[in-house]
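Per-entry structural report
Each chain, written out:
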Amino acid sequence: MPGAMRQSTSNLELLTIYEVSKILGSSLDLQQTLREVLRALAYQLQMHRGRVYLVGEDNVLRLVAANGLSNEAAAQIEFRDGEGITGRILKTGMPAVVPNLAEEPLFLNRTGGREDLDEQVASLVGVPIKAAGVVVGVLTIDRISDEGPQGHFGSDVRFLTMVANLIGQTVRLPHVAEEPLRDAETFRMQKELRPIAAPINDVVCTSPNMLEVMAQVHRVAPFKSTVLIRGESGTGKELIARAIHNMSPRKDAPFIRVNCAALPESLLESELFGHEKGAFTGAQKDHKGRFELASGGTLFLDEIGDISPNFQAKLLRVLQEQEFERVGGSKTIKTDVRLICATNLNLEEAIGHGKFRADLYFRINVVTIHLPPLRERRQDIGPLARHFVAKFAKDNGMTLVMEDEALEVLNRCTWPGNVRELENCIERAATQSRDGIIRTESLSCSLNLCNSSVLFQYRTLGASVGGLAPSMGPGSVNRVPPGRPGVPAPANAPKAPAMPAPVPEPAGAGSAWPACASGCSAGPSPVCGAAQPAVPVPLIPLPLPEPSAPAAAAPAPTSVTNAAPPPAAEVPLDEPESGSLRDRLLWAMERTGWVQAKAARLLGMTTRQVSYALRKYNIEIKRF
Ligand SMILES: Nc1ncnc2c1ncn2[C@@H]1O[C@H](COP(=O)(O)OP(=O)(O)OP(=O)(O)O)[C@@H](O)[C@H]1O
Ligand SMILES: [Mg+2]
C-alpha cells in the first residue's frame with residue numbers, strides 16, 4: 001500500500017478506535033453499544049457483517065450483536081468450543097483469517113446472509129475478545145471484494161484486536177452471554193453499582209499515548225511482576241494501579257494502598273510489617289501489617305521515592321526474600337503480594353544524589369508504566385471533561401451539561417496539575433452553575449480563581465508549593481515537573497504585559513516549560529498570573545471585610561483595559577467615602593473596566609473576595 005494511503009488508513013483506524021471507545025463508554029445497554037460499535041466499523045472501515053459473540057458459563061459462544069440481523073435471529077446462533085471458525089478462535093485464543101469463505105470447509109455459514117455475493121469474494125477476519133487474559137468472546141467481520149482477497153489482513157487483525165480489547169474491558173462479565181437480554185440489564189446494573197474504586201472502565205483514555213498505556217496495563221495485569229508507575233502529580237497513577245489489580249487474577253483479593261510519604265519511618269514500618277503486642281508503648285495487641293493484609297492481592301506503595309534510606313534497606317529485604325518479621329516479633333512471615341509502586345520523583349536523580357538505593361530501584365523497576373502529563377495527550381481533555389461532568393451529575397443526582405465554548409477553554413489549558421486539576425476545575429464550575437449548564441463564565445480562570453495561576457505566582461516568587469512544584473534547593477530531587485501553568489484567557493480578557501520569566505528550573509530531565517497553548521507565554525491575560533497582585537492570593541477564602549471597613553485606595557487607572565493595577569497606597573479622588581459594599585463594588589468594577597483583579601486591588605480585597613461579593617450581591621458582570 002502506498003505510504004500516503006497507509007497513513008490515511010491509520011488515521012481512519014485511530015479515529016475509529018476513538019469512536020469505538022466513546023461508544024463503549026457512553027451507553028449502559030450492552031447489546032445496543034456493541035451494535036453501534038459494529039456499525040462504526042462498517043461505516044468507517046468497510047468492515048461488514050460484524051459479529052460479537054460472548055461466552056456463557058456453559059462455554060458456548062452466543063451471538064450478542066450483529067450487523068443486519070434481528071435480535072430474534074441472533075438469539076438462535078451459537079457455537080461450541082472448537083466448532084467452526086468462530087469456535088476455533090474461542091478454543092485457541094488466536095485470531096483467524098479466511099481469505100475466501102467460499103473455499104473454506106470449516107466455514108459453517110450459520111449466520112447466513114452471504115448468498116447474494118455472486119461474483120464477490122468474502123473474507124473473514126476474527127479475533128478473540130479477552131478480559132484479564134481470558135477469552136470471553138469473539139469478534140468477526142467480513143471483507144467483501146470484487147477482485148479477490150485483498151490481503152491487508154495483518155493490519156485488520158491488529159486493529160480488530162484493539163477493538164476487541166476495548167470490548168473486553170467493557171464486558172468483563174464472564175457469563176454475560178448466557179441470556180443476552182437479561183444480562184444486558186445485569187450489565188447495566190453492574191455498571192451502575194460498581195464501586196468507584198476504579199475498575200478499568202473508569203479510566204478515560206482516547207489519546208494514542210494513553211491507549212498505549214492501557215495496552216501495557218493489559219499486558220502486565222495477568223502476571224505477578226512488580227510494576228512501577230511514574231508520572232507527574234495527578235496523572236492517574238493510583239487509578240492505573242487499581243486498574244492493573246482489577247484486571248489481574250488477584251482482583252477478588254484485597255488491593256491495599258500505603259502512602260509512604262505520609263508516615264514517619266517508625267510508623268511506616270509497623271504499618272507495613274505489623275507489630276506484636278508490647279513491641280512499643282501503646283502496642284496493646286498484635287497488629288497485622290499491610291503486607292499481611294494484602295496477602296493474595298496487591299500492595300500499592302504510593303510515593304515510594306519518599307521513603308528514608310533506612311527504610312529502603314528494610315523494604316529491599318522483603319522484596320528480595322518475600323518474607324519479614326513483625327516489629328517486635330521473631331516469627332518470619334511469608335508473603336504473597338503483587339507489588340505496584342508509584343512515584344512522581346525523578347528516581348534516577350535521587351540515586352545520583354544518594355537519596356535512593358540503586359538496588360531497590362532495580363527491584364521495583366521491573367515493568368515501568370509512564371503516565372504522560374495531560375498536556376501531552378490533549379485528545380483526552382474533552383472525554384475526561386465530559387466524564388467528570390457526568391460523574392458530578394450522577395453523584396449529585398442532577399442534570400449537568402457543558403457548553404462547547406467552555407470545553408474549548410479547557411482544551412487550551414496546559415493543566416500543570418493534570419487530570420486532578422481538570423477534575424477539580426469541573427467540580428468547581430459545576431457548583432457555580434445555577435441552571436445545570438457549565439459555561440465559560442463558570443470556569444475558575446474566568447473568575448480569576450484558577451489554582452494554577454496562583455501557584456504560578458508562587459513559583460515565580462521562587463517558593464515551592466507542596467508536591468506540585470519541583471523543589472528548588474540545591475541537591476534537592478526533582479519531581480516529574482509540571483508544565484508551565486497555562487491558564488486560558490477568557491474571550492473578553494484584556495491584553496496584558498508579557499509574563500515575567502519563570503524561575504529557571506534546575507538542569508535535568510523535564511526542565512523545559514512547554515508553552516501555553518492559550519498564548520500565555522506571548523502575552524498572558526491577567527488571569528495567567530502576570531497582572532495579578534505580586535503578593536500571592538491566599539488559597540483559603542478570607543472573610544469579607546465589613547462594608548464600613550476603610551478600603552485601601554488607589555488612583556483611577558488611565559486605561560481600564562491595559563493599565564497595570566494601580567498601587568494600593570494612593571487614594572482615588574472619586575471613591576465613595578461611605579456607602580454599602582455593593583456601591584463600592586460597583587464603583588470599583590466600573591473604574592477598572594470590570595476586571596475583577598483590578599477592582600480587588602482598588603478595594604484592598606482579594607480577587608476571590610470580589611468574586612464572592614459580586615455573586616452575593618447578584619451583580620451581573622459586564623462583558624466587553
Ligand atoms: N484517565 C483517567 N480517567 C478518569 N479519571 C482519571 C484519569 N486519570 C486520573 N483520573 C482522576 O484524577 C484524579 C487523580 O488521579 P490519581 O490520584 O490516580 O493521580 P496520581 O497520579 O496518583 O496523583 P498524585 O501523584 O498526586 O498522587 C483521581 O480522581 C482520578 O480518578
Ligand atoms: Mg497518587
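What you see is a predicted model, and the numbers here were worked out from it, not measured in a lab.

Moving on: the pattern of salt bridges. Tallying each qualifying case throughout the model produces 26 salt bridges. With a shortest N-O distance of 3.2 Å, Lys224 and Asp336 are connected by a salt bridge. Residue Lys224 is located in the loop between α7 (208-220) and β7 (227-230), and its partner Asp336 is located in the loop between β13 (332-334) and β14 (338-343); the two are separated by 112 residues in the primary sequence. With relative accessibility at 40%, the residue Lys224 sits in the partly exposed group. Among the ionic pairs, Arg257 bridges to Glu238, the shortest N-O distance being 3.3 Å. Of this pair, Arg257 sits in strand β8 (residues 255-259) while Glu238 sits in helix α8 (residues 237-246), and the two are 19 residues apart along the sequence. You can call Glu238 partly exposed: its relative accessible area is 26%. Because the salt bridges share partners, they merge into one network encompassing Asp58, Arg62, Glu78 and Arg80.

So, on to helix α2 (residues 30-45). Because the α-helix completes a turn every 3.6 residues, residues three or four places apart line up on one side. Under the 1.5 Å per step criterion, the end-to-end length of α2 is 22 Å for 16 residues, consistent within 8% with the ideal 22 Å. Along α2, the residues that are buried comprise Leu30, Gln31, Thr33, Leu34, Arg35, Val37, Leu38, Ala40, Leu41, Ala42, Gln44 and Leu45. Within two residues after α2, Gln46 carries a phi angle of roughly 50 degrees, on the positive side.

Below, the discussion takes up the UniProt feature "binding site: a divalent metal cation" in the protein. Within this structure's numbering, the places UniProt gives as "binding site: a divalent metal cation" are Cys445 and Cys450. Here Cys445 lies in the loop between β17 (437-438) and α17 (451-460). Among the residues examined, Cys445 registers a relative accessible area of 6% and is labelled buried. Since its relative accessible area comes to 9%, Cys450 is described here as buried.

By size, the foremost hydrophobic cluster in this structure holds 54 residues, and its most contacted members are Ile240 and Ile244. Here this core takes nine residues from helix α5 (residues 153-171), the largest share from any one element. If you count residues domain by domain, this core takes at least three from each of domain 1 (3-190) and domain 2 (201-370). Residues within four places of Ile240 in sequence aside, it is in contact with Val203, Met210, Val213, Met214, Val217, Ile229 and Leu371.

Time to look at the site of ligand 1. By nearness alone, 18 residues border ligand 1, and Ser233, Gly234, Lys237, Arg420 and Glu423 come closest of all. Taking Gly234, its main chain carries an N or O atom lying 2.9 Å from an oxygen atom of ligand 1. A distance of 3.1 Å separates an oxygen atom of ligand 1 from a polar atom in the backbone of Leu239. Burial of ligand 1 by the surrounding chains reaches 86%, relative to a free accessible area of 630 Å². Looking at the shell around ligand 1, the elements that each hand over two or more residues are α8, α14 (381-395) and α16 (418-432). Among the residues forming the shell around ligand 1, the class breakdown is six nonpolar, five polar and seven charged. Looking at which domains feed residues into the shell around ligand 1, each of domain 2 (201-370) and domain 3 (375-528) gives three or more.

Examined against the element boundaries, Thr226 turns out to sit in the loop between α7 and β7. On the basis of relative accessibility, which here comes to 17%, the residue Thr226 falls in the buried class. Expressed as a C-alpha distance, the spacing of Thr226 and Thr368, which sit 142 residues apart in the sequence, is 8.7 Å. Setting aside its immediate chain neighbours within four residues, Thr226 contacts Leu339, Arg363, Ile364, Val366 and Val367.

With that out of the way, let us pick up the sheet that holds strand β15 (residues 367-370). The five strands lie next to each other as β8-β11-β14-β7-β15, forming an open sheet whose pairing is parallel. Among the strands making up the open sheet, the edge pair consists of β8 and β15. Ignoring strand direction, the axes of neighbouring strands in this sheet form an average angle of 20 degrees. Where strand β11 (residues 298-302) and β14 come together, four bridges link them in parallel fashion. The residue bridging Leu299 from the neighbouring strand is Leu339, located in β14. Of the strands in this sheet, β7, β8, β11, β14 and β15 are in contact with α8, which crosses β7 at around 150 degrees.

Reading the values: the criteria
Residues numbered from 1 in each chain as written. Chains lettered and ligands numbered in written order. Predicted model: local features only at pLDDT ≥ 70, side-chain atom pairs only at ≥ 80, totals over all residues. Heavy atoms only, no water. Salt bridge = Lys/Arg side-chain N within 4 Å of Asp/Glu carboxyl O. Helix = DSSP H or I, 4+ residues; strand = E, 2+ residues; numbered from the N terminus. Buried < 20%, exposed > 50% of the residue type's maximum accessible area, 1.4 Å probe, protein only. Expected span 1.5 Å × (residues − 1). UniProt positions renumbered as here; feature names shortened; annotations may be inferred. Core = buried A, V, L, I, M, F, W, Y, C linked by side-chain atoms within 4.5 Å. Domains from an automatic or database assignment. Contact = heavy atoms within 4.5 Å. Near = heavy atom within 4 Å. Polar contact = N/O pair within 3.5 Å; in protein donor to acceptor, adjacent residues only side chain to side chain. Areas by Shrake-Rupley, 256 points an atom, 1.4 Å probe, with all protein chains shown as cover. Nonpolar A, V, L, I, M, F, W, Y, C, P; charged D, E, K, R; others polar. Pairing = 2+ DSSP bridges. Axes fitted to C-alpha atoms, helices over the stretch in contact; angles between N-to-C directions.

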